[in-house]
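Next come the chains, spelled out residue by residue.
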Amino acid sequence: MVIQFSNDNGNNVKYIILALLFLILYPLLSYGQIIDVHLHAYTEQDYWVATARNGFPPAASARDLLEKTIWKMDEHNIEWAVVSGNLESLKYFTQADNRFIPSYQDYAENLISVDSFVSLVKKGDIQVFGEVMAVYHGQTLNDEKYLPYLKVCEEYNIPVAYHTGGTFPGANATIWKKFRLSFGNPLLIEDVLVRYPRLKLSLMHAGSNFYENTLRMMDQYPQLYADLGVLLWLHPMEKDYAVKFLESAKKYGLLDRVMFGSDQMIWPDSITASIRFLDSLSFLTEAEKRDILYHNAKRFLNKGE
Ligand SMILES: [Zn+2]
């Protein structure tokens, strides 16, 4: 619609109307934006396929996963998505869509050198350090091999995302022989928080079965965040932990450091499922859901707020 003004003040009135329209529409346009802090990137070389525990089908290839993840990001208005993977997979995903934030994952037990890590951080090719897989390697983040990397992260304000809780049934008998549930206890990394007080750290999967320890530690250490990860969709046991964790986090005033993460791995459907599950929790207000889905992550990722 074109509004015509015939008097001399016409242009001014037009600009005022446009400004008012912008002020009214802007919150509506930005409303519903989401940041997903927990996704995974692959190349065709390290891609794998399996049906999820809840029956979700896998994407057919790394290319298929990339495309379907981007569709889901468009569908759900996802502004930023942190993808974990090896350096090749991070390049593959970030070159396809600039909403992906690259996060270096130590899938292999040996990390890249500290010098390489620093130069990639300086170039912006590593913006988050995670998913730190220590628990899968029979270690914790407190293992001395991680210390120089954590020091760099603290110095360059790089957030760290650390796997806590469990993994799939029977993992120890197949590819993750050193994995132990007990290593997924966040209390075991307390020394890291004391040693690096300016380090922003997120407990992925919010500690899962150790969610009470997560809450106690978040209260003790104001720099500590948690993402919900598979708690939002994978299995009734995990979803049960999600509800208990969120109810207590609300009661204890800790919701402002809880973040949404889908942990899509190879199953793009998990993105929609986890948003829907979070949205269905009637004990959370709309404002609390918005904080979890967006604002808390924006702060964690140094994107303003
Ligand atoms: Zn993950």
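Caption draft 1: Local environment of unusual backbone geometry. With omega at -5°, the peptide bond leading from G130 into E131 counts as cis. Mapped onto the elements, E131 comes out in strand β4 (residues 128-132). Although it is not a glycine, H205 adopts a positive phi angle of roughly 65°. With respect to the helices, strands and loops of the structure, H205 is situated in the loop between β6 (201-204) and α7 (211-220).

Caption draft 2: Inspection of helix α2 (residues 62-75) at higher detail. Along its 14 residues, α2 runs 20 Å from first to last C-alpha, staying within 8% of the 20 Å computed at 1.5 Å per residue. Regarding α2, the residues found buried are A62, L65, L66, T69, K72 and M73. Considered in projection along α2, the buried side chains sweep an arc of 130° and stay on one side of the axis. Those residues of α2 that are exposed and angled more than 90 degrees off the buried face are W71, D74 and E75. Here the buried face of α2 lies against β1 (34-40), β2 (78-85), α3 (87-96) and α9 (269-279). Count one or two residues on from α2 and you reach N77, which has phi positive near 60°.

Caption draft 3: Just the environment of K200, in detail. The topology assignment puts K200 in the loop between α6 (190-195) and β6. Given 21 C-beta atoms within a 10 Å radius, K200 is considered buried. Spatially, the C-alpha atom of K200 lies 4.9 Å from that of P159, the residues being 41 residues apart in sequence.

Caption draft 4: Molecular detail of the packing of helix α4 (residues 114-123) against helix α5 (residues 147-156). Their axes nearest at 10 Å, the elements α4 and α5 cross at an angle of 20°. Classified by the angle their axes make, α4 and α5 are roughly parallel. The interaxial crossing formed by α4 with α5 has right-handed handedness. In this structure, α4 uses V114, F117, V118 and V121 to contact α5, whose residues at the interface are P148, Y149, V152 and Y156. Partitioned by chemical class, the residues of the contact of α4 with α5 number eight nonpolar, no polar and no charged.

Definitions and cut-offs
Residues numbered from 1 in each chain as written. Predicted model: local features only at pLDDT ≥ 70, side-chain atom pairs only at ≥ 80, totals over all residues. Helix = DSSP H or I, 4+ residues; strand = E, 2+ residues; numbered from the N terminus. Expected span 1.5 Å × (residues − 1). Buried ≥ 20, exposed ≤ 12 C-beta atoms within 10 Å, placed from the backbone. Arc of directions from axis to C-beta. Contact = placed C-beta atoms within 7 Å. Axes fitted to C-alpha atoms, helices over the stretch in contact; angles between N-to-C directions. Parallel < 35°, antiparallel > 145°, perpendicular 65-115°, else oblique. Left-handed = near helix turned anticlockwise from the far one by under 90°. Nonpolar A, V, L, I, M, F, W, Y, C, P; charged D, E, K, R; others polar.

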